[in-house]
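Structural overview
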Amino acid sequence: MPRFEPSILISDCWGSVGDTTFYHVDGKCYYKSKPKCSFPGTAEQMEQLAVHRRALAAWRELEHADQVLWHEYARSAPSHRPPFDGSSHISGYNLFVSAYHNFSILGKEQVPYPQPFRGFPPFSVEYVNASIEEDRLRILLRVFLPKNETPERYQLLAKIQLTFPGYGVKPGNMRNVLATTPCHGESGIVELQIDNFHRLCKQELPTYQVHMRYVLLDRKTGYRNIWASSSFSISV
């Protein structure tokens, strides 16, 4: 790892320039070349990249007045990164791109229009049971929402990791799973279906540890709330 030598013109460096990245170890600056990944990505990753590029193109095509309005509405949208004390918020660009992606996840990709960020209702999720049909894992969950809410407005999106009982969570191994239907008012039961679920654990087991992160997607605005997490065991 070559060390950066300060000069009269440049006393220190950080960040990246071209293919070179500067970093610090024990107060000393070093530099290295950026790795060049030859892996083109899976079909799912390439599809998500295409959606993201369409979202960026849609943002660039907006009128400036609409972009300003997005920035204004984003001031009330909570950040998905700490601190979570209300002192930080996201940009209008991030709110727009997030809504675009969420509409795509819901199966109705479209250019969102600026709307005030409506606070999400308090809710909780409870595991009910699980079953296997051929190579499809079905997980039933109950979503609790306030009685004065319209539950059909929201749909649960989960990130799922299946692993051996007692094993901890690895966020990189989580996969998105959208509930098959919007939330229900009476039973509150929603279903997650995972096709070829063995690829998530790579081994057939009688009991799985499930690590789950979940959000509600607003089907009207495309907005989402802050991730919550839960872990539970299922026997199949």
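Residues numbered from 1 in each chain as written. Predicted model: local features only at pLDDT ≥ 70, side-chain atom pairs only at ≥ 80, totals over all residues. Heavy atoms only, no water.

So, the pairing of strand E6 (residues 154-163)
Across the 10 residues that make up E6, a large majority, 9, are buried. Two elements, E6 and strand E7 (residues 175-178), share 4 bridges in a ladder whose sense is antiparallel. Across the sheet, residue Lys-159 finds its bridge partner in E7, namely Asn-176. (Buried < 20%, exposed > 50% of the residue type's maximum accessible area, 1.4 Å probe, protein only. Helix = DSSP H or I, 4+ residues; strand = E, 2+ residues; numbered from the N terminus. Pairing = 2+ DSSP bridges.)

Digging into the sheet that holds strand E8 (residues 189-195)
Here we have 3 strands laid out as an open sheet, ordered E4-E5-E8, and antiparallel in their pairing. At either margin of the open sheet sits one strand with a lone partner, and together these are strand E4 (124-133) and E8. Strand-to-strand twist of the sheet, defined as the mean angle between neighbouring strand axes without regard to direction, takes the value 25°. The sheet contact formed by strand E5 (residues 136-144) and E8 spans 7 bridges and is antiparallel. Pairing of Leu-141 across the sheet is with Val-190, part of E8. (Axes fitted to C-alpha atoms, helices over the stretch in contact; angles between N-to-C directions.)

Re the pattern of salt bridges
In this structure the tally under the stated criterion is 7 salt bridges. For the salt bridge of Asp-195 with Arg-136, the shortest nitrogen-to-oxygen distance reads 2.6 Å. Linking Asp-195 in strand E8 with Arg-136 in strand E5, this pair joins segments that are 59 residues apart in sequence. Classification of Asp-195 by relative accessible area gives partly exposed; the value is 39%. Judged by relative accessible area, Arg-136 falls into the partly exposed class, the value being 31%. The partner of Glu-191 in a salt bridge is Arg-138, and the shortest N-O contact between them spans 2.6 Å. Of this pair, Glu-191 sits in strand E8 while Arg-138 is found in strand E5, placing the two residues 53 residues apart along the sequence. Judged by its relative accessible area of 23%, Arg-138 is partly exposed. Each member of the salt-bridge network shares a partner with another, and the members are Glu-133, Arg-138 and Glu-191. (Salt bridge = Lys/Arg side-chain N within 4 Å of Asp/Glu carboxyl O.)

Remarks on unusual backbone geometry
The phi dihedral of Asp-26 is positive, around 55°, even though this residue is not glycine. Along the chain, Asp-26 turns up in the loop between strand E2 (20-25) and strand E3 (28-33). Despite not being glycine, Glu-134 shows a phi value in the positive range, around 60°. Within the element layout of this structure, Glu-134 appears in the loop between E4 and E5.

Section: the packing of helix H2 (residues 64-74) against helix H3 (residues 92-105)
Running from amino to carboxyl end, H2 crosses H3 at an angle of 95°, the nearest separation of the two axes being 7 Å. Our classification of the angle between H2 and H3 gives roughly perpendicular. Each of Trp-70, His-71, Tyr-73 and Ala-74 in H2 lies in contact with H3, whose residues at this interface are Gly-92, Tyr-93, Leu-95 and Phe-96. Residue composition of the contact of H2 with H3, by class: 6 nonpolar, 2 polar and no charged. (Parallel < 35°, antiparallel > 145°, perpendicular 65-115°, else oblique. Contact = heavy atoms within 4.5 Å. Nonpolar A, V, L, I, M, F, W, Y, C, P; charged D, E, K, R; others polar.)

Some points on the layout of surface pockets
Each pocket or cavity is described by its volume, and for the largest pocket that value is around 1,500 Å³. If you go around the largest pocket, you meet 35 residues; those closest to its centre are Gln-48, Ile-105, Leu-157, Lys-159 and Asn-176. In terms of residue count, H3 provides more of the lining of the largest pocket than any other element does, 7 residues in total. Of the residues that constitute the lining of the largest pocket, the class distribution is 14 nonpolar, 12 polar and 9 charged. What the second largest pocket holds in volume is close to 270 Å³. (1 Å grid on protein atoms, 1.4 Å probe; cavity = no way out; pocket = protein on both sides within 12 Å on 5 of 7 lines; lining within 4 Å. Points joined across faces, edges and corners; volume = space filled by probe spheres on them.)

Keep in mind these values describe shape, not function.
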